[in-house]
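Take a look at the letters that make up each chain.
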Amino acid sequence: MDGKRLAQGLLNATGDDLRLVYALVMETKLYDLLLAKAKDVMTKDLNHFEQNLQAEIKRLHQYPDEQLQLQLFLYMLEQLEIKGAHYNLLTEIEYACTQIVEKAHALQLKQDKQYKQFAEKRDEQPSVLLVLYQMQKIFESFDQKGADLDDETTENLIQQIEAYIQSLPLEKQRQIKEKLNIDELTNSTIKQLIATQGTAVLMAIIVEVAGFAAFTTLTSTIAATAGLLGVTLPFGAYMFATSALSILTGPVGLALIAVGGGALINYQNQKVRKAFIPIGIVQLLLPAVIEEEQPVQVEHFIQEWQKLYDKQQKILQEIATYEMTKQQQQAKKDAFEEQMRLHTDQHAKKRAMLTNKLAAIEKCSDLIAVHEKSPAYIQLTSEMANILQTMNKKQSEIEANRKQAGLWNTVKNTFANQSITSQLKELNEKYGLKEQLRTEEVVKMKPQQLKPQQLKAQCITAEEYQFELDQLQKEIQITRTSIQQTKDAISTTERQIQQVKGECKKHQKKWYGLEHIV
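All of these numbers come straight from a predicted model, not from anything done at the bench. (Residues numbered from 1 in each chain as written. Predicted model: local features only at pLDDT ≥ 70, side-chain atom pairs only at ≥ 80, totals over all residues. Heavy atoms only, no water.)

### Focus on the overall build of the chain
Next, step 1: For the chain, the helix and strand inventory stands at 20 helices and zero strands.
Next, step 2: For the chain, the proportion of its 518 residues judged to be buried stands at 42%.
Next, step 3: Here the contacts in the chain between residues at least 6 apart in sequence split such that 79% fall between residues at least 24 apart.
Next, step 4: Accessible surface, the chain as shown: approximately 28,700 Å² in total, 53% of it carbon and sulfur. (Helix = DSSP H or I, 4+ residues; strand = E, 2+ residues; numbered from the N terminus. Buried < 20%, exposed > 50% of the residue type's maximum accessible area, 1.4 Å probe, protein only. Contact = heavy atoms within 4.5 Å. Areas by Shrake-Rupley, 256 points an atom, 1.4 Å probe, with all protein chains shown as cover.)

### Concerning the confidence of the model for the chain
Next, step 1: When pLDDT is averaged along the chain, the result is 81; 81% of the residues meet or exceed 70.
Next, step 2: Overall, residues 229-237 carries pLDDT values under 50, and its contacts beyond four positions in sequence, including any with other chains, amount to 22 contacts.
Next, step 3: In the predicted structure, residues 256-261 sits below a pLDDT of 50 and forms eight contacts with residues beyond four places in sequence or in another chain. (pLDDT = per-residue confidence, 0-100.)

### Topic: the packing of helix 11 (residues 187-197) against helix 12 (residues 199-210)
Next, step 1: It is the contact of helix 11 with helix 12, at a shortest axis distance of 7 Å, that shows an interaxial angle of 120°. Taken together, the axes of helix 11 and helix 12 lie oblique to each other. Listed contacts from helix 12 to Ile 190, Leu 193, Ile 194 and Gln 197 of helix 11 are Thr 199, Val 201 and Leu 202.
Next, step 2: For the contact of helix 11 with helix 12, the residue count by class is five nonpolar, two polar and no charged. (Axes fitted to C-alpha atoms, helices over the stretch in contact; angles between N-to-C directions. Parallel < 35°, antiparallel > 145°, perpendicular 65-115°, else oblique. Nonpolar A, V, L, I, M, F, W, Y, C, P; charged D, E, K, R; others polar.)

### Concerning the nonpolar core
Next, step 1: Ranked by internal contacts, the top residues of the largest apolar core, which has 65 residues, are Leu 72, Phe 73, Leu 77, Ile 93, Ile 100 and Ile 281.
Next, step 2: With residues near it in sequence (within four places) discarded, Ile 100 still touches Leu 6, Phe 73, Met 76, Leu 77, Leu 80, Ile 82 and Ile 281. (Core = buried A, V, L, I, M, F, W, Y, C linked by side-chain atoms within 4.5 Å.)

### Some words on the pattern of salt bridges
Next, step 1: Scanning all chains against the criterion turns up 16 salt bridges.
Next, step 2: For Arg 341, the salt bridge goes to Glu 338, with nearest N and O atoms at 2.6 Å. Highlighted residues: Arg 341 and Glu 338, both in helix 17 (residues 299-364), separated by three residues, approximately one helical turn.
Next, step 3: Given a relative accessible area of 41%, Arg 341 falls into the partly exposed group.
Next, step 4: Linking Glu 463 and Lys 446 is a salt bridge whose minimum nitrogen-to-oxygen distance equals 2.9 Å. Within this pair, whereas Glu 463 is found in helix 20 (residues 455-510), its partner Lys 446 is found in the loop between helix 19 (407-445) and helix 20, the two being separated by 17 residues in sequence.
Next, step 5: Sharing partners across several salt bridges, the network here consists of Glu 171, Arg 174 and Glu 178. (Salt bridge = Lys/Arg side-chain N within 4 Å of Asp/Glu carboxyl O.)

### Here's the deal with the state of the cysteines
Next, step 1: Under the criterion given, the structure shown has zero disulfides.
Next, step 2: With no disulfide partner, Cys 364 has as its closest neighbouring cysteine sulfur the one in Cys 459, 9.1 Å distant. (Disulfide = S-S within 2.5 Å.)

### Re the side chain of Lys 350
Next, step 1: Of note, Lys 350 is situated in helix 17.
Next, step 2: Reaching out from Lys 350, the side chain makes a polar contact with the side chain of Glu 468 at a distance of 2.6 Å.
Next, step 3: Those residues in contact with Lys 350 that lie beyond four places of it in its chain are Tyr 465, Glu 468, Leu 469 and Leu 472. (Polar contact = N/O pair within 3.5 Å; in protein donor to acceptor, adjacent residues only side chain to side chain.)

### Description of the environment of Glu 140
Next, step 1: Mapped onto the secondary structure, Glu 140 falls in helix 8 (residues 126-146).
Next, step 2: Considering only alpha carbons, one finds Glu 140 and Val 201, 61 residues apart in sequence, at a separation of 8.8 Å.

### A word on the packing of helix 18 (residues 375-403) against helix 19
Next, step 1: Interaxial distance between helix 18 and helix 19 falls to 9 Å at its minimum, and their mutual angle equals 160°. Between helix 18 and helix 19, the angle falls in the class roughly antiparallel. In terms of crossing hand, the pair formed by helix 18 and helix 19 is left-handed.
Next, step 2: The residue makeup of the contact of helix 18 with helix 19, split by class, is 16 nonpolar, nine polar and nine charged. (Left-handed = near helix turned anticlockwise from the far one by under 90°.)

### So, the packing of aromatic side chains
Next, step 1: For the structure shown, the criterion picks out six aromatic pairs.
Next, step 2: Here Trp 305 and Tyr 309 contribute two aromatic rings whose centre-to-centre distance is 5.3 Å and whose plane-to-plane angle is 10°, an arrangement assigned as stacked. Taken as a pair, Trp 305 and Tyr 309 lie in helix 17 at a separation of four residues, close to a single helical turn.
Next, step 3: Note on Trp 305: relative accessible area 2%, which makes it buried.
Next, step 4: Here the aromatic residues Phe 73, Tyr 87, Phe 301, Trp 305 and Tyr 309 are joined through ring pairs into a cluster of three or more. (Phe/Tyr/Trp six-rings, centres within 6.5 Å; stacked < 30°, edge-to-face > 60°.)

### Some points on helix 12
Next, step 1: In a regular helix each residue adds 1.5 Å, so 12 residues correspond to 16 Å; helix 12 covers 16 Å between its end C-alpha atoms and thus fits that length.
Next, step 2: Considered for burial, the residues of helix 12 that qualify are Thr 199, Ala 200, Leu 202, Met 203, Ile 205, Ile 206, Val 207 and Val 209. (Expected span 1.5 Å × (residues − 1).)

Here's what the structure looks like:
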């Protein structure tokens, strides 16, 4: 029943009534209340809280009712830490509203000792307890302000209460007299009751007997007659302002005001906003508790929520598509890398085969007939001989240095031999390069009259190996380029995934609960 009442109040709230609750619960901050209160002190003929509230209500008219209903609903779920779910059916909405009322009731029990004492004395559902307690707070505010009324206003107030009681059915009047333990409901008896027990007791009994419908009629009439509102503040806003004032003047509020620190106010603001949740829930519950069960218009609410859910599904599908693309790109990269491994292995094997073949050809190069030797071959052979001759001389220098006796010669020649050894290393590398070039020249020459005769065939085979190596090198380069391109594509896809995930988180942050039903 609690959930049905809150769902009815929420889904039937429209126009300024809806925007009033929305503004009070979602847009009112502790800092704003303190600032408005401070301004009221300086400008006593203007209610800054009401002024700000009316401006916010006017701003909210740019949004449709169903969007504000949904935002308010999701905000309450978030503040009360209730996980989101699907809201495609009225029963699902009512179940969530049941959780909201139960959590709000528990929160009120925890943060308000008076409410706990109030609830322990009554056997009512949480939704009714919250409303009754708020009514009592309003009644108590009448008592507090009624003490300052002049005799004429007090008399007028008593007449209004008497007139309302007289308008009730006789059976209701009898029950009220019985509960008040009086014989007649006259001007004098009502005056005596108010003087001895207070307006709050009288009004509570009237509401108990006449029903919740008596609450708004009676309190609005009395408030207007006694001038308790003082301004044109809507009655729901007056209820909220009264409760908000009790928070501000409570332990938390007094501590904040005493310290006066902006940082501390900001730190406590979230706690205070959560404290306003039960008050906002009462605003929604009040019509549903007072009136008979009313049919609700839930279709637009569900459609609004479905749009948000569909948008999330679209974003998630986009993420899934990018993830699949990334998987395909990763598989493609893996295939290219495997191809690169195969090409590299083939290249290494072919390079070894060519090296062995060239070594065999080099061994036979001295057997080539003179008339078949090319000028390049002859030039390279001469350069190799010169290098070899120089290397022999360097080696002789080392041997000679080693044979010289004496400490000084030993030290001097040690450094000299190190330098010569370094030169020999360079000459040896140069000789190897010349030898390689000469072997390659032999392959180009393809000697015809060489003994053994198979040298020509070996040269042809070496050329084939070299061609295959060149082709493999091209394939390796192409594959390397493909791998890099695929890596770049994967990086691009990852950035797209992160971007869309960011959009999803932004959407989920704005509309609480969607992250729970991914």
